[in-house]
Amino acid sequence: MIVACQQDYTPKPLGYNRLNLPEPSYRSLPDSLPYRFEYSNHAMLLDDTSTISEKFWIEIYYPEIKADVHITYKPIRSEKLLKEFLDDSYTLTAKHQIKASAINEVITTTPSGKTAVIAELEGEVPSQFQFTLTDSSKHFLRGALYFNTHVANDSLAPAIEYMKKDIMHMINTLEWKN
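For clarity, every value in this text was computed on a predicted model and none was experimentally measured.

Criteria and cut-off values
- Throughout, residues of each chain are indexed from 1 in the direction in which the sequence is written.
- The model is predicted, so local features are restricted to residues of pLDDT at least 70 and side-chain atom pairs to those at 80 or more, both for listing and for counting; the totals for chains, interfaces and linings are taken over all residues.
- Only hydrogens and water are removed before side-chain values are computed, so all heavy atoms of the structure are retained for them.
- Think of it this way: a Phe, Tyr or Trp ring, Trp meaning its six-membered ring, pairs with another when their centres are within 6.5 Å, and the plane angle makes it stacked under 30 degrees, edge-to-face over 60, tilted otherwise.
- Partly exposed residues are those whose accessible area sits between 20% and 50% of the maximum for their type, while under 20% is buried and over 50% is exposed, using a 1.4 Å probe and protein chains only.
- Space inside and on the surface of the protein is sampled on a 1 Å grid over the protein atoms alone, with a cavity defined as a set of points where a 1.4 Å probe fits but cannot get out and a pocket as an open set with protein on both sides within 12 Å along at least 5 of 7 lines; lining residues have an atom within 4 Å of a point.
- Grid points are joined across faces, edges and corners, and a volume is the space filled by probe spheres set on the points.
- What counts as a helix is a DSSP run of H or I of at least four residues, what counts as a strand is a run of E of at least two, and both are numbered from the N terminus.
- The nonpolar class holds Ala, Val, Leu, Ile, Met, Phe, Trp, Tyr, Cys and Pro. Asp, Glu, Lys and Arg form the charged class, and all remaining residues, Gly among them, are polar.
- Salt bridge criterion: a side-chain nitrogen from Lys or Arg within 4 Å of a carboxyl oxygen from Asp or Glu.
- Nonpolar core, defined: a set of buried Ala, Val, Leu, Ile, Met, Phe, Trp, Tyr and Cys residues in which side-chain atoms within 4.5 Å join the residues together.
- Working rule for contacts: check all heavy atoms of both residues, and any pair within 4.5 Å makes them a contact.

A.B. asks: Before we go on, may I ask you to explain the packing of aromatic side chains in this structure?
C.D. replies: Two aromatic rings are characterised by how far apart their centres lie and by the angle between their planes. Scanning all chains against the criterion turns up five aromatic pairs. Ring geometry for tyrosine 35 and phenylalanine 37: centres 6.0 Å apart, planes at 15°, overall stacked. Of the residues examined, tyrosine 35 reaches a relative accessible area of 0% and is grouped as buried. You can call phenylalanine 37 buried: its relative accessible area is 2%. Ring centres of tyrosine 35 and tyrosine 73 lie 5.4 Å apart, and the angle between their planes is 35°; this geometry places the pair in the tilted category.

The following block contains the structure:
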């Protein structure tokens, strides 16, 4: 005699991803770059492999949360170049206006005296956090946060906040090398 098991099936409602975010801990960038800052021990330092990448451009990749911080660096050789770099940075941030519900920008000075422009983007944008740092005479650095996932930003909120804190640590520990 064959008896089949009978069990009522109830579909489960859609839920949010569970993110296990690690405790922050940091290490310094290698000496081969003209800048140094501390980045997460939970991240991988990669060369920027984009077709437009230049020397000293890097990516800091967080495999657990599929986050990527693109870092671009340019030496400043004239005041005209600094203006061009800043204009390019504003243009890249402004491209997100199509999907952004808000772009909140703050100009601040780091503990070591560098000028930082920090932009937080709200809404379903590909980059939620961007920044530039400069000493206005020799160095210009830009960073942008991206998540390599199709999850909506409201579901990513804990990861976005985690990344903002990590990026602020990078900004506050940045040093230029001569």
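On we go from here.
A.B. asks: Can you walk me through empty space enclosed by the protein in this structure?
C.D. replies: The gaps of empty space that remain are located by a probe, the size of a water molecule, rolled over the atoms. In this structure the tally under the stated criterion is two cavities of 30 Å³ or more. As for the largest cavity, its lining consists of Ser89, Tyr90, Thr93, Glu105, Val117, Ala119, Gln130, Phe131, Thr132, Arg142 and Gly143. At the level of elements, helix 1 (79–94), strand 8 (115–123), strand 9 (129–134) and strand 10 (139–147) are the ones that each hand at least two residues to the lining of the largest cavity. Residue composition of the lining of the largest cavity, grouped by class: four nonpolar, five polar and two charged. Roughly 50 Å³ of volume is contained in the second largest cavity. Around the second largest cavity sit Leu21, Pro22, His42, Tyr62, Glu64, Ile65 and Tyr162, which together line it. Residues that form the lining of the second largest cavity fall into these classes: five nonpolar, one polar and one charged.

A.B. asks: Can you walk me through the pattern of salt bridges in this structure?
C.D. replies: A side chain of one charge can pair with a side chain of the opposite charge if their charged atoms are brought near each other. Tallied over the entire structure, the rule returns seven salt bridges. With a shortest N-O distance of 2.7 Å, aspartate 31 and arginine 36 are connected by a salt bridge. For aspartate 31, a relative accessible area of 60% puts it in the exposed group. Residue arginine 36 pairs with glutamate 175 through a salt bridge whose shortest N-O separation is 3.9 Å. Highlighted residues: arginine 36 in strand 2 (residues 35–36) and glutamate 175 in strand 11 (residues 175–176), separated in sequence by 139 residues. We classify glutamate 175 as partly exposed; its relative accessible area is 43%. Members of the salt-bridge network, linked through shared partners, are Asp31, Arg36, Glu175 and Lys177.

A.B. asks: What's the story with the nonpolar core in this structure? I'm lost.
C.D. replies: Membership of the largest hydrophobic core comes to 32 residues, with the highest contact counts inside it found for Tyr35, Phe37, Ile60 and Tyr62. For this core, the secondary structure elements donating two or more residues are strand 5 (58–62), strand 6 (67–75), strand 8, strand 9, strand 10 and helix 2 (153–173). The greatest single-element share of this core, amounting to eight residues, is contributed by helix 2. Dropping the residues within four chain positions of it, tyrosine 62 is found in contact with Ser40, His42, Ala43, Ala67, Val69, Tyr162, Met163, Asp166 and Met170.

A.B. asks: Teacher, can you tell me more about the layout of surface pockets here?
C.D. replies: Of the voids in this model, the largest pocket is the one considered here, and its volume is about 480 Å³. Looking at the largest pocket, it is lined by 21 residues, and the ones nearest its centre are Ile52, Trp57, Thr72, Leu92 and Arg142. Elements that contribute at least two residues to the lining of the largest pocket include exactly strand 6, helix 1 and strand 10. Partitioning the lining of the largest pocket into residue classes produces seven nonpolar, seven polar and seven charged. If you add up the space inside the second largest pocket, you get close to 150 Å³. Every residue lining the second largest pocket is counted, eleven residues in all, and those nearest its centre are Leu121, Glu122, Ile160, Glu161 and Lys164. If you tally residues by element for the lining of the second largest pocket, the top one is helix 2, at six residues.

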